[in-house]
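Okay, here's what each chain looks like letter by letter:
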Amino acid sequence: MSRTASALVAGERDVRADFPILGERTSRGKRLVYLDSAATSQKPTVVIDAIERYYREYNANIHRGVYEIAARATDAFEEARAKVARFLNAAESAEIIWTRNATEAINLVAWSWGGANLHEGDVILVSELEHHSNLVPWQLLAERSGSRLRFIPVNDRGELQLDTLDALLEGCKLVAIAHVSNTLGTILPIAEVVARAHAAGAIVLVDGAQAAPHMPVDVRALDADFYVLSAHKMLGPTGIGVLYGKRALLDAMPPFLSGGDMIRSVSYERSTFNELPWKFEAGTSNIADAIAFGSAIDYLEGYGMENIRAHERALLAYAFEGLGALEERGLAIYGPHDPERSSGVISMNFADIHAHDLASILDTEGICIRAGHHCTMPLMGRLDLAATARASFYLYNDRSDVDALITGLEKAAAIFRLS
Ligand code: 7TS
């Protein structure tokens, strides 16, 4: 373990100092307690600087200019792709496709792979806890192709129930499933789902938007066929995301968007297409943000994903313990109450205080959480909830943030005169 990594786990290093926004004060003069990283993460100085350096020093379009700054931009862009490939342990950089975000990566697969491979009567299997981004594209694909959706159930704690999986996999061509639930933090048993799906002849897309930021991910060890993520949830900029796909699948897929850069040759009548990964990258890419995402990966790897996971696991245990004292006053916590089976997300309701009121009261203390359905309306229905208040952690959070959250909840209890 490197010195900085062990310091992170021990909570010694001032990680906050690397994130300029965390030094800001709210309009009420409060220190920022940022507990909404599941929505988007904050950005360290190295990422902000990487964006600025690109625009100040070598802004040029890629894959076409012969001059020096164009070559520099192309190299930096492709080097960032190579970093993502290493980060996910992909077999090669050509398996990493840049997209705008996880949502676009899922849509790419739904349109391209789904359009070519799904037919009348086929089954698409998703879980009951998916983010709308990993549900709606499959609903639309089912409509277009005449295929059907089925759902892997979750129990009342939001844990996946796999006893009926083999029956659900009958006739199934594709399983699309989250690695970590954005609403409950549940870590799903992906390796097992993939093995059983493959045995039944289905391929698997894993929505890693909430996993890749928080734990080591090895797409080859998982044997995932597709894996998607969003840079903005893992210290990178908005507007850049990733589709990982196995080469054999990507090679066989038709293009998604079309135009410049994704072609090999074009005549008035027809075109032939570029090789991977550029076949799927039509038009000018989000160059600056891809490069800055590479810097985010360097920063994360400086700590080590294993250490980031350990830090968040310890913080979660501390939070469960502290929040436990409020349970007798009506605090309900959803999802698995076990740091081993949960990523850094805590979803809750406090007595009959509406989640939005709770979020507003916490906001007056500088505490940022999210309230609502978290883009998982079907899961909310399944758990019989209208909304939850969700606190989510990252490597820059520490025990003082958890303490602030608990103090904020106590203030809410006082305002609402909870006994
Ligand atoms: N999948 C999961 C599991 C997510 O949590 C999110 C975003 C997405 C997909 C979509 O990511 P995007 O970058 O393409 O928008 N989740 C959340 C959230 O929980 N709060 O705000 C966004």
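None of these values were measured; they are calculated from a predicted model.

**Some details on the sheet that holds strand 11 (residues 331-334)**
Then, number 1: Taken in spatial order, the four strands make up an open sheet running 11-12-15-14, and their pairing is antiparallel. Both edges of this open sheet fall to strand 11 and strand 14 (370-372), since each of them pairs with a single strand only. For this sheet the average axis-to-axis angle between neighbouring strands, irrespective of direction, equals 30°.
Then, number 2: As paired elements, strand 11 and strand 12 (residues 345-350) share four bridges and run antiparallel to each other. Within strand 12, the position partnered with Leu331 by the bridge is Phe350.
Then, number 3: Contacts from helix 11 (residues 305-324) reach strand 11 and strand 12, with the element oriented near 10° to strand 12.
Then, number 4: In the packing of helix 12 (residues 355-364) onto the sheet, contacts are made with strand 12, strand 14 and strand 15 (388-392), and the angle to strand 14 comes to roughly 160°.

**So, the packing of aromatic side chains**
Given two aromatic rings, one states the distance between the centres and the angle between the planes to describe the pair.
Then, number 1: Applying the stated criterion to the full structure yields eight aromatic pairs.
Then, number 2: Centroid distance Phe19 to Tyr396: 4.8 Å. Interplanar angle 65°. Geometry classified as edge-to-face. Taken together, the positions of Phe19 in the loop between helix 1 (3-10) and strand 1 (33-34) and Tyr396 in the loop between strand 15 and helix 14 (399-415) put the pair 377 residues apart, joining distant regions of the chain. Comparing Phe19 with Tyr396, the two get one shared label, buried.
Then, number 3: Measuring from ring centre to ring centre gives 5.9 Å for Phe77 and Trp98, while their planes differ by 50°; the resulting arrangement is tilted.

**Some thoughts on the site of the ligand**
Then, number 1: The environment of the ligand is made up of 16 residues, and the closest members are Thr103, Asp207, Ser230, Arg370 and Arg390.
Then, number 2: Within the contact set of the ligand, a nitrogen atom lies 2.5 Å away from a side-chain nitrogen or oxygen of Arg370.
Then, number 3: Note that an oxygen atom of the ligand is positioned 2.6 Å from one of the side-chain N or O atoms of Arg390.
Then, number 4: Protein burial of the ligand: of its 500 Å² of free accessible surface, 89% is covered by the chains.
Then, number 5: For the shell around the ligand, the class distribution of residues is four nonpolar, eight polar and four charged.
Then, number 6: Inspection of the shell around the ligand shows a minimum of three residues originating in each of domain 1 (5-42 + 304-415) and domain 2 (48-302).

Rules behind the numbers
Residues numbered from 1 in each chain as written. Predicted model: local features only at pLDDT ≥ 70, side-chain atom pairs only at ≥ 80, totals over all residues. Heavy atoms only, no water. Pairing = 2+ DSSP bridges. Helix = DSSP H or I, 4+ residues; strand = E, 2+ residues; numbered from the N terminus. Axes fitted to C-alpha atoms, helices over the stretch in contact; angles between N-to-C directions. Contact = heavy atoms within 4.5 Å. Phe/Tyr/Trp six-rings, centres within 6.5 Å; stacked < 30°, edge-to-face > 60°. Buried < 20%, exposed > 50% of the residue type's maximum accessible area, 1.4 Å probe, protein only. Near = heavy atom within 4 Å. Polar contact = N/O pair within 3.5 Å; in protein donor to acceptor, adjacent residues only side chain to side chain. Areas by Shrake-Rupley, 256 points an atom, 1.4 Å probe, with all protein chains shown as cover. Nonpolar A, V, L, I, M, F, W, Y, C, P; charged D, E, K, R; others polar. Domains from an automatic or database assignment.

Note that every value here comes from positions in space, so none of it alone points to a role or purpose.
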